[in-house]
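Fold and contact review
Next come the chains, spelled out residue by residue.
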Amino acid sequence: MKRALIVVDVQNDFCEGGSLPVTGGAEVAHKISTLLHHWTNQDPKAPDYAVAVATLDHHVDPGDHFSDDPDFVHSWPRHCVVGTDGVAFHPNLDPQPFDAVFRKGEHAAAYSGFEGTAPDGTGLADWLRSHEVTDVDVCGIATDYCVRATALDAVEAGFGVRLLTALCAGVAPATSESALAEMRSAGAVVL
Ligand SMILES: [Zn+2]
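Below is a summary of the structure that appears in this document. (Residues numbered from 1 in each chain as written. Predicted model: local features only at pLDDT ≥ 70, side-chain atom pairs only at ≥ 80, totals over all residues. Heavy atoms only, no water.)

**A short note on the pairing of strand β2 (residues 49–57)**
In terms of burial, β2 is a largely internal element, eight of the nine residues being buried. For strand β1 (residues 3–8) and β2, the ladder comprises six bridges, and the chain directions are parallel. Within β2, the position partnered with A4 by the bridge is V51. Remark: the β1/helix α1 (residues 25–40)/β2 crossover connection has right-handed handedness. Bridge count for β2 against strand β3 (residues 100–104) is five bridges, and the pairing is parallel. Across the sheet, A54 pairs through a bridge with V101, a residue of β3. (Buried < 20%, exposed > 50% of the residue type's maximum accessible area, 1.4 Å probe, protein only. Helix = DSSP H or I, 4+ residues; strand = E, 2+ residues; numbered from the N terminus. Pairing = 2+ DSSP bridges. Right-handed = clockwise from strand over helix to strand, strands pointing away.)

**Some thoughts on the coordination of the zinc ion**
Coordination of the zinc ion by the protein involves D57 (OD), H59 (NE2), H65 (NE2) and H79 (NE2), with metal-donor separations of 2.1 Å. Considering all four donor atoms around the zinc ion, angles at the metal cover 88 to 169 degrees and the coordination shape is irregular. One chain supplies every donor to the zinc ion, and in sequence these donors are spaced D-x1-H-x5-H-x13-H. For the residue pair D57 and H65, the accessibility class agrees, reading buried in each case. (Donors = N, O, S within 2.8 Å, 3.2 Å for Na, K, Ca; no water. Tetrahedral: all angles 85-135°; square planar, octahedral: opposite > 155°, others 65-115°.)

**A look at the pairing of strand β4 (residues 135–141)**
Regular strands place side chains that alternate from one sheet face to the opposite one. Within β4, seven of the seven residues are buried, which leaves the element mostly enclosed by the surrounding structure. On β4, burial covers both faces: D135, D137, C139 and I141 on one face and V136, V138 and G140 on the other are all buried. Direction of pairing for β1 relative to β4: parallel, over a ladder of six bridges. When the bridges of β4 are listed, A4 appears paired with V136. For the crossover from β4 across helix α3 (residues 143–156) to strand β5 (residues 160–169), the handedness is right-handed.

**Some thoughts on the environment of C146**
You can see C146 is positioned in helix α3. For C146, a relative accessible area of 6% puts it in the buried group. Along the chain, C146 and F114 lie 32 residues apart, while their C-alpha atoms are 10 Å from each other. Once residues within four sequence positions are removed from consideration, C146 is found in contact with V8, D9, K104, A110, Y111 and I141. (Contact = heavy atoms within 4.5 Å.)

Structure follows, in structure tokens:
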């Protein structure tokens, strides 16, 4: 068994002060960075990940994903636009430990990290399989949207999936709760 950590969309625009802020985002960034620090220092209490990867929402012109009058379900204020500070990793998260970063959503909405590609064009599922990964821990922002979609796609792709809820932040409590229930019934272990 080889396990990977997948850190979803811990970016400036999704944290306090960004254009689409999720409450608790900055704190989640800090906690994930601490976990990565323990992992890279081979702290015996840290999870034994084979690799760690991140996803980034990375929009150029994603069509109706953006709206001046967003419904916050299917359309959203402009966020994570390439060339702006909003697309960057939150400063509380040190990205140095990541083995690869997968960007998604340049020209259409892309909630799942499994829609993302590395700079060489490799998709997340293929990349994980090429590193003999069998299981993944998923965390990041937001529980009810991109984390949910990434975890469900990971199950679908055949990986054993755990959701690290303490390292996630959600847009709203009700949709986050229903997302957790959905992930659980799909077969993910919600920790
Ligand atoms: Zn987006």
